[in-house]
Amino acid sequence: DVCSSDLEDSCIMLDIAFGIYEINEELPFYIMLDRANLALEHAKQRPFDKCEFYDAADRSRLVAEQRIEGEMEAALANGEFEIYLQPKCDFVTGAIRGAEALVRWNRGGTDRMVRPDEFIPVFERNGFILQLDMFILEEAARLLSTWRANNQTVVPLAVNFSRLHLNDARFIPQMRRIMAQYNVPNHLIEAEITESVIF
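Residues numbered from 1 in each chain as written. Predicted model: local features only at pLDDT ≥ 70, side-chain atom pairs only at ≥ 80, totals over all residues. Heavy atoms only, no water.

Things to note about unusual backbone geometry
Most peptide bonds adopt trans geometry, and most residues besides glycine take a negative phi value.
Argument step 1. Of note in this structure, N151 is not a glycine but carries a positive phi near 55 degrees.
Argument step 2. Counting through the fold element by element, N151 comes out in the loop between α5 (129–149) and β6 (157–161).
Argument step 3. Despite not being glycine, N183 has its phi angle at roughly 55 degrees, a positive value.
Argument step 4. Secondary-structure assignment places N183 in the loop between α6 (171–181) and β7 (189–193).
Argument step 5. Residue N183 is classed as exposed on the basis of its relative accessible area, which comes to 58%. (Helix = DSSP H or I, 4+ residues; strand = E, 2+ residues; numbered from the N terminus. Buried < 20%, exposed > 50% of the residue type's maximum accessible area, 1.4 Å probe, protein only.)

Shown next, in the form of structure tokens:
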């Protein structure tokens, strides 16, 4: 049993957010609700004053996100996602000690490159990031395997993984399978959890 004094001494923190769509045109209710929910998602990302109104910029973002979601499966199948290596250097000697494998989306055509801040948050929300991360790990393992086969200098590669992997029982077995497939020693892959987990 909880006595009243326990309740008086306890502190309950409530995190409240509001998404508002001002009705200024005749639309089906579900569309108005979607717009309010979109404003709510942006409100939740704010540290304080979590109240957000839907505006035209939100609609443009929604259209862009829907396009990304509509293309993501085909983009992965067609090899549009690429890894770029960002070197990690020793400040004293200047020697390369490793590199971070960063994902880039190269669509080709006029709007070639899609910025990571445009597609990563979408993939985090819809879960596609789980597939993409494993693809990037496989590309990194393939690259390391090629370096080793050609007797090139080999440095560890850091691969970012979404926090969503922490709830996926297949995460470690998938990593081990990929590493074994390319015969890459464990010390050559550094697994990094994306910064959002810390926050």
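Brief notes about helix α2 (residues 29–44)
Argument step 1. A rise of 1.5 Å per residue sets the reference length of α2, with its 16 residues, at 22 Å; its end C-alpha atoms lie 22 Å apart and thus fit the reference within 8%.
Argument step 2. Turning to α2, its buried residues number three or more, namely M32, R35, A36, L38, A39, L40, H42 and A43.
Argument step 3. Packed against the buried residues of α2 are β1 (18–20), β2 (51–53) and α3 (56–77). (Expected span 1.5 Å × (residues − 1). Contact = heavy atoms within 4.5 Å.)

Brief notes about the nonpolar core
Argument step 1. Residues F81, F119, F123 and L132 are the most contacted members of the largest nonpolar core, which totals 36 residues.
Argument step 2. At the level of elements, α3, β4 (96–106), α4 (116–126), α5, β6 and α6 are the ones that each hand at least two residues to this core.
Argument step 3. Per element, the largest residue contribution to this core is 10 residues, and it comes from α5.
Argument step 4. Apart from the residues lying within four places of it in its own chain, the contact partners of F119 are I68, F81, V103, W105, V114 and L132.
Argument step 5. Listed in part, the six residues of the second largest apolar core include A36, L38, A39 and Y54. (Core = buried A, V, L, I, M, F, W, Y, C linked by side-chain atoms within 4.5 Å.)

Observations concerning the confidence of the model for the protein
Argument step 1. With 91% of its residues at a pLDDT of 70 or more, the protein has an overall mean of 87.
Argument step 2. The element-level mean pLDDT for the protein is lowest in helix α1 (residues 4–9), coming to 60, with α5 highest at 96. (pLDDT = per-residue confidence, 0-100.)

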